[in-house]
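The primary structure of each chain is shown beneath.
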Amino acid sequence: MKLIILISLLLSANSLLAQSAIIKGTVQSKGELIGFAHIELNTDAKQRRHTWSDSAGQYHFEVRQVQKYIIKASYMGYKDFVSDTIQIKEPDEQYVLNIQLEEKSTVLQGVTIISKKNVFETAKGKLIFNVQNSALTTGQTAFDILKNLPGVSIGQNDEILFRGSAGINVMIDGKMTYLSGNQLANYLKGMGAEDLNKIELITTPPVAFDAAGNSGIINIVPKKNLKQGYAVDIRSAVSKGKFWMNNQSIASSFRAKNWSVNGMFDFKTPHSYTENKSGNTINDGGNLLRLSRNNDWAYKVKYYTWRMGADWQFMPKHKIGVNYHGYFDDFKSYNHSTVGRLDNSNELHSFIRSANNIIEPYHYDAINLNYRYDIDSLGKKITADANYTSYRNFSDGLMTTGNYEANGDLLNENLLKSHQPGFVKIKSGQIDAELPYQKFTLKSGIKYAEVENDNQYSFDTLQAGNFVEVETMSNHFKYKERIAAAYLSGSKKWGKTSLEAGLRLEHTNADGYTVKQDVSNKWEYIKLFPSLAVEQVINDNNKIDFSMSRRINRPSYTELNPVRWYTDQYFYWSGNPNLVPELAWVYNVTYSLKSKYIFSAVYNQSLNYINRRLVMDDNGTTVRTQSDNFGTRHRFDFTVSAPVQLFSFWDAQIFSDISYTSYPISMLSGDKELSQWAAMLLLQQNFSLPKGFKINIAGFYYTPELRGIYLTQPAGWVDFGVKKSFFGNKLEAQFSINDILNTNCYRANSQTDIADYYYRDKPYSRVFGFSLRYHFGGELIKSSTKKTEEQQRL
């Protein structure tokens, strides 16, 4: 309530301030809005003021003097823009100037070279990866593209890691998804890479963002165009890895002056296949045996996505919108495993064979209602969002296990049937106010979110011809979480120096209840999350940014759920209802040279660091992997990004990251501090050839690094793609080969003596893809895919 009163007072104060003339507009190129373009205002008195267009491509200046002005605009890869003289005649005049930028081009021996955005750029503390012009997206999903980002890697079970930590939140077009683990991976696998514009890595987000995400935020921005009229996009793609896959999509929209509607339907089959080798030592009745596993995992997926949306500006300053997003993930997995039991002399003692088949359909429905009130032409606005999400997961599995003598004689066979329905409901609402004044800008907002998670899981074993429930493995887990938040921030510029500071308050009240054991876990806490960002423009070629923020990584709903997922009778994964949130301070310093050479240093200190650990069950033979709190984690990163122009038709982008990580892990004799230096290198080359052909080649290499109790082994791969447009860019064809040398793999060894576990995962990652996209009409409007922070943790 106090915050609402504060917002009201701020709005009332607006009427007391003196009127100013306004010069405002948008920055565009070929109908696409351009965010973070540099805008310069020049006066008769040879004074200069600077600003940047926001993420929606809008800019504005407040001027108090009646005189003449000139606007200049620049953005990497585009020609500089200089306006005609603007004459302000009235003190309250509003002058609209929409800036059209043209791509730079050079003609060389009949070849037209069109300058494009660098692969990586920085803007307001963000590292931006431009996806839209890449030829590597054919047959790929947003999940596939993530592994190409600096500092982002994929762990076991499709876990997304940023700078070695799973404490990352993923936003879609500026809103949290609230998905995590397999649910987040499945969601991103349903999003075509060819629909993406860019991906932003935000290490120290301001307080307007939810505080969740210790390592930062990944913001996936889809392509958006805003011209009036109708538009239709049809895309068809086919790809071949271990399996044949296809993607068929149609999207359409219509935009009038004050309203628009849009819709899309997408079908894809992102099948995958992984071969796994793993092992560890067990104590079986006093005998030490070494387990040697050989697994193959096949995932067969039919993914249906549908979206629709509409917005209506029913009054000059008022706009409402509604968006719906649904998907059905028809997921099936097939695992075949052979586990050999070897004695001390490395002789085969016995072995087991198991088949674990799972049918796991996912249903997802989300609706968003939004409202925007533009208070005045200075950019002051109030926005409101209400969200409801329903997520249903119906999982049924059957694991058949046969125990064999070394000579192949069957000793016995066991059947284990699982049934694990899960339901998640998310309700959230928020109100935000943005109030720019001539000398400073204020932002404030409130939010409330409520999550309910209900998961029943039962395991039945075959006894005397009938399936009987295994009481010790079956249970019912309920979780409810309520988060209330409020924030206030202010920003100001002094010449070439700008500062933004803010404070966010979050109150969390959560209950976890395990029904059979009648065990209840409760959490209630209030946390403050300050943030600070300072930008110093030294001159046109040099800029320094410093930012810091406090973050929190709440356990995902899956991590809290004590259900079991078995690989075989000796290894399973389970949740941990005793997890506590991870808290971190993150500091970032970035130096930009000529707006293209980027040097960055990041330090992250996390308390109660969350990652995977191994636990040996009381029977001495079964290994359980689960998330746990590891103590304090320290992580330092130094990154360099540099574009290199080799020839007029050939340019490259180099990105490197050197890191140092340390944190404690549990040993039989107590805790042990792990530490490791690591590095990654990314090299992307772009070729612009005659007849409009574009070729991209990207190479990636990672040295060993720490992940929980594991130390990984080196990994690397190379991707190739070519793109060509026809009929005035109406038809676009792409061909790509991912992991062309078939070298991508995930290998790691446990660093704890509790269990000497190792794994060697080899996905079938060499995938050939071809796609065609045809466009009708004007520019397509994309339905809003904005999601809330709670949805990301599903």
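Residues numbered from 1 in each chain as written. Predicted model: local features only at pLDDT ≥ 70, side-chain atom pairs only at ≥ 80, totals over all residues. Heavy atoms only, no water.

### Details of the nonpolar core
Judged by nonpolar contacts, the single largest core of 65 residues is most densely connected at L146, V152, I160, L188, I199, I218 and I220. The residues contacting I199, other than those within four sequence positions of it, are L127, I128, F129, V131, I145, L146, L149, I218, N219 and I220. By size, the runner-up hydrophobic cluster in this structure holds 21 residues, among which are I23, A37, Y69 and L101. (Core = buried A, V, L, I, M, F, W, Y, C linked by side-chain atoms within 4.5 Å. Buried < 20%, exposed > 50% of the residue type's maximum accessible area, 1.4 Å probe, protein only. Contact = heavy atoms within 4.5 Å.)

### Focus on the sheet that holds strand β42 (residues 623–629)
In sheet architecture, strand pairing relies on hydrogen bonds along the backbone and comes in two forms, parallel and antiparallel. Spatially, four strands are ordered β37-β38-β42-β41 in an open sheet, and the strand pairing comes out mixed. Only two strands of the sheet have a single partner each, and these edge strands are β37 (564–568) and β41 (610–616). For this sheet, the mean inter-axis angle between neighbouring strands, taken without regard to orientation, is 25 degrees. (Pairing = 2+ DSSP bridges. Helix = DSSP H or I, 4+ residues; strand = E, 2+ residues; numbered from the N terminus. Axes fitted to C-alpha atoms, helices over the stretch in contact; angles between N-to-C directions.)

### Some thoughts on the pattern of salt bridges
Taken as a whole and assessed by the stated rule, the structure comprises 23 salt bridges. A salt bridge links D376 to K380; its shortest N-O distance comes to 3.4 Å. A network of salt bridges, in which partner residues are shared, links D233, E732 and R773. (Salt bridge = Lys/Arg side-chain N within 4 Å of Asp/Glu carboxyl O.)

### A look at the confidence of the model for the protein chain
For the protein chain, mean pLDDT is 83; residues scoring 70 or higher make up 86% of the total. The low-confidence segment residues 1–18 (pLDDT under 50) makes 21 contacts with residues lying over four places distant or belonging to another chain. Segment residues 106–115 is flagged for pLDDT under 50; beyond a separation of four residues in sequence, or across chains, it makes 20 contacts in the model. (pLDDT = per-residue confidence, 0-100.)

### Considerations on the pairing of strand β51 (residues 746–750)
Judged from the three bridges that link them, strand β48 (residues 710–712) and β51 form a sheet pairing that is antiparallel. Its bridge partner being in β51, L711 is matched across the sheet by N749. Pairing of β51 with strand β52 (residues 758–763), which is carried by four bridges, proceeds in the antiparallel orientation. Looking at the pairing, A748 lines up with Y759 of β52.

### Description of the environment of V27
In this structure, V27 sits in strand β1 (residues 21–29). For V27, a relative accessible area of 0% translates into the label buried.

### Thoughts on the packing of aromatic side chains
This structure, assessed with the given rule, holds 30 aromatic pairs. Ring centres 6.3 Å apart and planes at 80 degrees place the aromatic pair F243 and Y273 in the edge-to-face group. Note that F243 is positioned in the loop between β21 (229–240) and β22 (244–255) and Y273 in strand β24 (residues 272–284), a separation of 30 residues in sequence. Comparing F243 with Y273 shows no difference in burial state: the two are buried. Look at Y660 and W677: their rings are 5.0 Å apart centre to centre, the planes differ by 50 degrees, and that puts the pair in the tilted class. (Phe/Tyr/Trp six-rings, centres within 6.5 Å; stacked < 30°, edge-to-face > 60°.)

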